[in-house]
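Report on the structure
Chain by chain, the residues run as shown.
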Protein chains: 2
Amino acid sequence: MEITINLKTGDRTPLYEQIYEYIRDEIRNGRIASGERLPSTRSLCRHLDISRSTVELAYEQLLSEGYIESVPYKGYYAAKIEGLYQISSPQPAQQKKEEEEKKRYLYDFTPSGVDLKSFPYNTWRKLSREALADDRSELFRLGCPQGEYGLRNAISSYLHQARGVNCTPEQINVGAGNDYQMMMLCVILGGGHRVALENPTYRQAYRLFANMSYEVCTVAMDDRGMRVDGLEESGADIAFVMPSHHYPLGTVMPIRRRMELLGWADEKEGRYIIEDDYDSEFRYKGKPIPALQGYDGNGRVIYIGTFSKSIAPAIRMSYLVLPPKLLERYRERCGFISSTVSKVDQMILQKFIEDGYYERHLNKTRALYRSRHDTLLAALKDLKSDVSISGENAGVHLLLHFHDGRSEEELIRLAAEKGVKVYGLSGYRIDETSGETPGENCSDSQEAVILLGYANMNEEKIILAVRLLAEAWDAKS
Amino acid sequence: MEITINLKTGDRTPLYEQIYEYIRDEIRNGRIASGERLPSTRSLCRHLDISRSTVELAYEQLLSEGYIESVPYKGYYAAKIEGLYQISSPQPAQQKKEEEEKKRYLYDFTPSGVDLKSFPYNTWRKLSREALADDRSELFRLGCPQGEYGLRNAISSYLHQARGVNCTPEQINVGAGNDYQMMMLCVILGGGHRVALENPTYRQAYRLFANMSYEVCTVAMDDRGMRVDGLEESGADIAFVMPSHHYPLGTVMPIRRRMELLGWADEKEGRYIIEDDYDSEFRYKGKPIPALQGYDGNGRVIYIGTFSKSIAPAIRMSYLVLPPKLLERYRERCGFISSTVSKVDQMILQKFIEDGYYERHLNKTRALYRSRHDTLLAALKDLKSDVSISGENAGVHLLLHFHDGRSEEELIRLAAEKGVKVYGLSGYRIDETSGETPGENCSDSQEAVILLGYANMNEEKIILAVRLLAEAWDAKS
């Protein structure tokens, strides 16, 4: 067998690669049959009038990819390859546009907004520059799986002072967002649990638990939060709650209910409460409500907090506070899992907290949100519809309850016609298709409830948007 | 009932807070009994000679935390709180030092090292500065869960050109490290799978699958990689392999075995191959071995790659390439899970790839590692022990096989006595305690195999360290 290759010496592709590609393609398309003997390197280099080492290099590549095989004292043979025809079916590039075009609204009262105009760009730039200032290889080496100790220390001090959380830096796990932390938590807790969530709730948590193969159920709320009798009946061993400021209802769980909840957890070994303390930084009346974790004397509360609301969603940092028993379990089951946050980001955040920037930023945004909150409340007084308000004085949204029999869909549609996007409470309710009885709820199922978030809108816009809402809603009432 | 509080007007704590704290503590320690009626705000403000609104603020805080209850037309009452005594058991701060002191070694041949002296600090700083240059709120808003399209596009072009991977940006999921990607993958695949891994393997992957409640097993390797007959027998429906450069053995899976493996996956619906292509950038002889994914015509291969080895471990970015069917499943089950990588980091990396920095960086590190590789190979020639070498010409470590009957432990100990840290192959083997037959392996179980990684050591150090190894090992042989 002889191989003639039209080698291009002036080509950018090295000679050996041209030989390699030629023979590979010949084997792929079957022109060199499997089992066929190839010319020796000596004869091929003579034939092509090139150096032997060039041919050897090409053969080595073919060997290492398995297109040819070497038989000692005999030579090289085309390998037997089944299924090679599959190679010729490249997948056509999906031209499908990824981002669906969003409907145009003049104003959007999204309850999950964050004001990013007040993001501390200058400070962040400065801290980022400082972090990267020297050629510190330490910064790019793999760090502690739980997050850098310095950052955990800063978080633990903050949590103690601001939230009454009782923990050491050792108990803290820093990770890239709440979703990730919940996934990690499921690995720590292991399989076979039944998780009870409030209804309505943060749907993402519900879906995540379900997709992590947990049994999930919801428990009815009253005006004090999750009902502990319902929790008991649910058969759950894990309760996911937002005691300091329920999302989306804004309910604050009073101390007695908290104690009952802790009592539930203490009753049986292995019961845990997950406390999602997602936006307790924003409270416009009185002091912040301390975290449930601070009342927990028996290591039953898993605390989860985030900087997504208080700094920015895209910095991707949140934290778990694990009770001692679960900390052990974390070390066993997840201790080897690398941190999901870059050291540079951790360093920036640590400085941001330690040097007082975080507190100042919180004060600034709190004042900003309070002013928007007050503006919205004042503007809503002019609504002529039969509405009442709840969930005010904290967070970045409030709820409008309509008592005139109109449905959520209708109210949302009327607002949309005026170019204003509002959100219905039903979007936060879990419909349990599993034969469970639907959770009875503190709000009358007859009434329509609309959520108005104000984090993303300045005062002027709020006033204009509410005027449009009045036009939309009051005209028909 | 009358309450006398020693108010400090010059104090930094606001008056209302002093009142709140006093009454709260009185209720907590039982001096105000549950059910007891509190003074009215009117009488308390007169009694304390302060404004009524101050008292009202304190009562509101107590109300919102549930320490007191308001009964219409009657007044305020201390709430009934069970289990409050638990509050007085704060957990003592764990003084336990987190980082255990590492034994001091002169030289460390870690196989998982990365040279960080060559990290492109200037470029990274420049790109980071540029990313943060303007006050772009877009940069801190939550991005696409799969990662920004621009970055995915850059990765997909790179993968096509450098690795022969056949994919669109839509198929790529960017996430914070391989561990996270594997967790995500388990959520996509759902429960009830049996995963087969090579033996030896990357232990972290084995542990992760096990902790995600998967059945895991290992399949024996021969000199072509995972044996497909063994895989068939294992009953697994998912195979985790490193075909282009097995870790730690360095085996390259030839094309025939690859086709057999793809054939195995095609045989039954729902079978998948996870291809971990962790360090294929580093090959010092011939062209890079193309990825298995490029041969896959039926959407059976899940490709996973990382920038941990090729840029730096702490930047925390890796990527999954999902076959179309799993992409659908991803959207259903995980589409709501927020990205784990900050947009700033994604932007830096995108620029780093698009502007050609990545390619230059790879060329630079490849040359660096090749030189260390050659130096190590040359130095090892002077060893007088009866050893042979494998796994050279690629990656950042090679394997020394000892044929003189000495055990791994002994060889490691002898090296440690001279201040050199080396690693044994047995650390990568999975001992299956489940009644399975231990995987037969291509390397003789009698021989001891030592791994020498050279990424972290310059040429001079390599020469000195090998001299010490010769002293350690040759003296007794």
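Below is a short write-up of the structure.

Section: the sheet that holds strand E5 (residues 194–198) of chain A
Residue and element names in this part refer to chain A. An order of E4-E12-E11-E10-E9-E5-E6 is seen for the 7 strands of this open sheet, with the pairing classed as mixed. Both edges of this open sheet fall to strand E4 (172–175) and strand E6 (215–219), since each of them pairs with a single strand only. Strand-to-strand twist across the sheet, computed as the mean angle between neighbouring axes with direction ignored, equals 20°. Summarising the sheet, strand E11 (residues 301–306) and strand E12 (residues 318–321) pair through 4 bridges and their orientation is antiparallel.

Structural notes on empty space enclosed by the protein
On inspection of all chains with the given rule, the structure shows 11 cavities of 30 Å³ or more. If you add up the space inside the largest cavity, you get close to 190 Å³. Taken together, 22 residues line the largest cavity, and the ones lying closest to its centre are Val344(A), Asp345(A), Ile348(A), Val344(B) and Asp345(B). At the level of elements, helix H4 (121–131) and helix H11 (343–354) of chain A together with helix H4 (121–131) and helix H11 (343–354) of chain B are the ones that each hand at least two residues to the lining of the largest cavity. Ranked by the residues each element gives to the lining of the largest cavity, the list is headed by H11(B), at 4 residues. Counted by class, the lining of the largest cavity contains 15 nonpolar, 4 polar and 3 charged residues. Of the volumes computed, that of the second largest cavity is approximately 70 Å³. Surrounding the second largest cavity, 14 residues form its lining, Thr340(A), Ser342(A), Asp345(A), Thr340(B) and Ser342(B) being those nearest its centre.

Some points on the pattern of salt bridges
Counting across every chain of the model gives 44 salt bridges over all chains. Put simply, Arg257(A) and Asp222(A) hold a salt bridge, and the shortest N to O gap is 2.8 Å. Taken as a pair, Arg257(A) in helix H9 (residues 255–267) and Asp222(A) in strand E7 (residues 221–222) lie far apart in primary sequence, 35 residues in all. Between Asp229(B) and Arg227(B) there is a salt bridge, and its shortest N-O distance comes to 3.0 Å.

Some details on unusual backbone geometry
Cis geometry marks the peptide bond from Asn199(B) to Pro200(B); its omega dihedral reads 0°. With respect to the helices and strands, the residue Pro200(B) is situated in the loop between strand E5 (194–198) and helix H7 (203–211). Residue Pro248(B) follows Tyr247(B) across a cis peptide bond; omega there is 5°. Even without glycine at this site, Ser213(A) takes up a positive phi of about 65°. Mapped onto the fold, Ser213(A) is located in the loop between helix H7 (203–211) and E6. Although it is not a glycine, Arg316(A) sits at a positive phi angle of roughly 55°. Structurally, Arg316(A) is set in the loop between E11 and E12.

Some details on helix H10 (residues 324–334) of chain B
Residues and elements named next belong to chain B. Those residues of H10 that sit buried are Leu326, Leu327, Tyr330 and Cys334. With its buried residues spanning 110° around the axis, H10 presents them on a single face. Facing away from the buried side of H10 by more than 90 degrees, the exposed set consists of Glu328 and Glu332. Check the buried side of H10 and you find it contacts strand E4 (172–175), helix H6 (178–189), strand E10 (272–276) and strand E11 (301–306).

Considering the relation of the copies chain B and chain A
In the superposition of chain B on chain A (RMSD 0.1 Å, axial shift 0.0 Å), the rotation amounts to 180°. Overall, the copies show the geometry of a two-fold rotation axis. Residue by residue, 100% of the interface of chain B is reproduced at the interface of chain A, so both copies engage with the same surface.

Notes on the interface of chain B and chain A
Counting residues at the interface gives 102 residues for chain B, matched by 102 residues for chain A. Carbon and sulfur atoms supply 54% of the area buried between chain B and chain A, which totals about 8600 Å² over both sides. Scanning the region where chain B abuts chain A turns up 6 salt bridges. The salt bridge involving Glu69(A) is made with Arg256(B); its shortest N-O contact spans 3.4 Å.

Each value, and the rule that gives it
Each chain carries its own residue numbering, running from 1 in the written order of its sequence. Chain A is the first chain written and ligand 1 is the first ligand written, with later ones labelled in order. It should be noted that, the model being predicted, local features are given only for residues of pLDDT at least 70 and side-chain atom pairs only at 80 or more, the latter also being counted only at that level, while totals for whole chains, interfaces and linings use all residues. The basis for every side-chain value is the complete set of non-hydrogen atoms in the structure, without hydrogens or water. Any two strands with at least two DSSP-identified bridges between them are counted as paired. To qualify as a helix, a DSSP run of H or I must reach at least 4 residues; to qualify as a strand, a run of E must reach at least 2; elements of each kind are numbered from the N terminus. Under this scheme, a helix contributes an axis fitted over its contacting stretch, all axes are lines through C-alpha atoms, and angles between N-to-C directions fall in the 0 to 180 degree range. Grid points spaced at 1 Å and placed over the protein atoms alone form the basis of the search, with a cavity being a set where a 1.4 Å probe fits but cannot get out and a pocket an open set showing protein on both sides within 12 Å along at least five of seven lines. Lining residues have an atom within 4 Å of a point. Grid points are joined across faces, edges and corners, and a volume is the space filled by probe spheres set on the points. Classification convention: Asp, Glu, Lys, Arg as charged; Ala, Val, Leu, Ile, Met, Phe, Trp, Tyr, Cys, Pro as nonpolar; all other residues, Gly among them, as polar. Whenever a carboxyl oxygen of Asp or Glu lies within 4 Å of a side-chain nitrogen of Lys or Arg, that contact is scored as a salt bridge. Summary of the burial criterion: residues with accessible area below 20% of their type's maximum are buried, those above 50% are exposed, and those between are partly exposed, where the area comes from a 1.4 Å probe applied to protein chains only. By arc we mean the arc of the directions from the helix axis to the C-beta atoms, nothing more. Any two residues whose heavy atoms approach within 4.5 Å are treated as being in contact. Our superposition of the copies is a least-squares fit, built on the C-alpha atoms of residues whose pLDDT is at least 70 in both. Buried area: the accessible area, evaluated with a 1.4 Å probe, that two parts lose upon being put together, summed over both parts.

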